[in-house]
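Here are the chains, one letter per residue:
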Protein chains: 2
Amino acid sequence: MDFKQLAATRESCRAYSERPVPKEEIKTVLETALLSPSACNSQPWRFIVCEGETAKKLPDCIINPVLPINRWVVEVPVFLVVCETKAKLMGGVTSQKYAQMDVGIATAALCFAASEQGLSTCILGSFSQKKVKALLGIPKDSTVRLIVTLGYATKDGVRQKNRRAYEELVSYNQW
Amino acid sequence: MDFKQLAATRESCRAYSERPVPKEEIKTVLETALLSPSACNSQPWRFIVCEGETAKKLPDCIINPVLPINRWVVEVPVFLVVCETKAKLMGGVTSQKYAQMDVGIATAALCFAASEQGLSTCILGSFSQKKVKALLGIPKDSTVRLIVTLGYATKDGVRQKNRRAYEELVSYNQW
């Protein structure tokens, strides 16, 4: 599959089958993410794979009882918790200026790698920082930025993507 | 090429040939980036393609005279200026909470698309916000987040990537 096709095929999946995700598949997905570029090669990220009992506990950190839009996460077999860590830039200067973008870059690679392996993902940005940190023992100086669900979709086929038009978002030589 | 191989092949390129980049190639790269996921599908991004005369003016916005590490940008045929725009999340609420990560995700897709097409890129985070905005007429409520160089590399072959170890950056069920 060429990359544009892969990008068109990747979509947020909110319904997962019970089919277990082989450990080697998870490893390949993460190995690919770790190849990502970052500001001054700072690699300000750390990934925690949550499966089994931990995956059963994580939904309580994600589902907001007031606005329970993410109830489907109770069926997710594997979560990849993406943390932002202290970034050392040039000359050893610590700065988080680029770290969120770097986390986004690595997370994109992770999702593409999963898609190509026939796995599905959904990137979640809404969760209790406090609860996730407590559950997984994440230190104070790191931040949970995203949680990616990982598993096999219950359905085949790709939905039509709803995106703004090229002409609206791309211009040449001027805004 | 499978995606892991593509991720291993993509590398930051700091030496570009004079070979012009066909307009269709630039368009495919950007079309692929526009397929990217974002928080609530907010798509908080806009891309400005800079080529020709504009590409000749942009290096003055990038090269810091005190620390001129990016002098090589004077040879770059095309720049893709990635702007963060106002993000409307659920219920029309405007929030930039996820926008930098979204910009990172779209920029990653852009670089992968370029690599697959035989083009090279380098993601730059260091430039004068004020100068870039003035040159390209970027409105006050948008932020230039990244500038991606685009063109054909002068050299073939891929350098060895220097990345932290898997065991250092990935753990299972606990930090």
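Here, the structure is the one placed above.
The present account deals with the structure reproduced in this document. These figures come from a predicted structure and were not determined experimentally.

Here's the deal with the interface of chain A and chain B
- Tallying the contact residues gives 70 residues for chain A and 70 residues for chain B.
- For the pairing of chain A and chain B, the buried interface totals around 6200 Å² over both sides, and the portion due to carbon and sulfur atoms is 61%.
- Residue K4(B) pairs with E31(A) through a salt bridge whose shortest N-O separation is 2.7 Å.
- For the pair chain A and chain B, the interface holds 35 residue pairs in polar contact (both at pLDDT 80 or more).
- Here the side of chain A that touches chain B is built from residues that sort into 38 nonpolar, 18 polar and 14 charged.

Description of the sheet that holds strand β4 (residues 143–151) of chain A
- Spatially, 5 strands are ordered β3(A)-β4(A)-β2(A)-β1(A)-β5(B) in an open sheet, and the strand pairing comes out mixed. At either end of the open sheet lies a strand with only one pairing partner, and these are β3 (120–124) of chain A together with β5 (170–172) of chain B. Going across the sheet, the axis of each strand differs from the next one's by a mean of 20 degrees, ignoring polarity.
- Taken together, the 7 bridges between strand β2 (residues 78–84) of chain A and β4(A) define a ladder with antiparallel strand orientation. Counterpart to E84(A) in the pairing with β4(A) is T143(A).
- Sheet strands touched by helix α6 (residues 129–136) of chain A: β1 (45–51), β2 and β4 of chain A. Its angle to β4(A), the strand with the most contacts, is close to 75 degrees.

Considering the environment of E51(B)
- Relative to the elements of secondary structure, E51(B) occurs in strand β1 (residues 45–51).
- Counting along the chain gives 37 residues from E51(B) to R14(B), while the straight-line C-alpha distance between them is 17 Å.
- With residues near it in sequence (within four places) discarded, E51(B) still touches Y172(A), N173(A), K23(B), I26(B), P77(B) and V78(B).

Scoring rules and cut-offs
Residues numbered from 1 in each chain as written. Chains lettered and ligands numbered in written order. Predicted model: local features only at pLDDT ≥ 70, side-chain atom pairs only at ≥ 80, totals over all residues. Heavy atoms only, no water. Contact = heavy atoms within 4.5 Å. Buried area = accessible area lost by both parts, 1.4 Å probe. Salt bridge = Lys/Arg side-chain N within 4 Å of Asp/Glu carboxyl O. Polar contact = N/O pair within 3.5 Å; in protein donor to acceptor, adjacent residues only side chain to side chain. Nonpolar A, V, L, I, M, F, W, Y, C, P; charged D, E, K, R; others polar. Pairing = 2+ DSSP bridges. Helix = DSSP H or I, 4+ residues; strand = E, 2+ residues; numbered from the N terminus. Axes fitted to C-alpha atoms, helices over the stretch in contact; angles between N-to-C directions.

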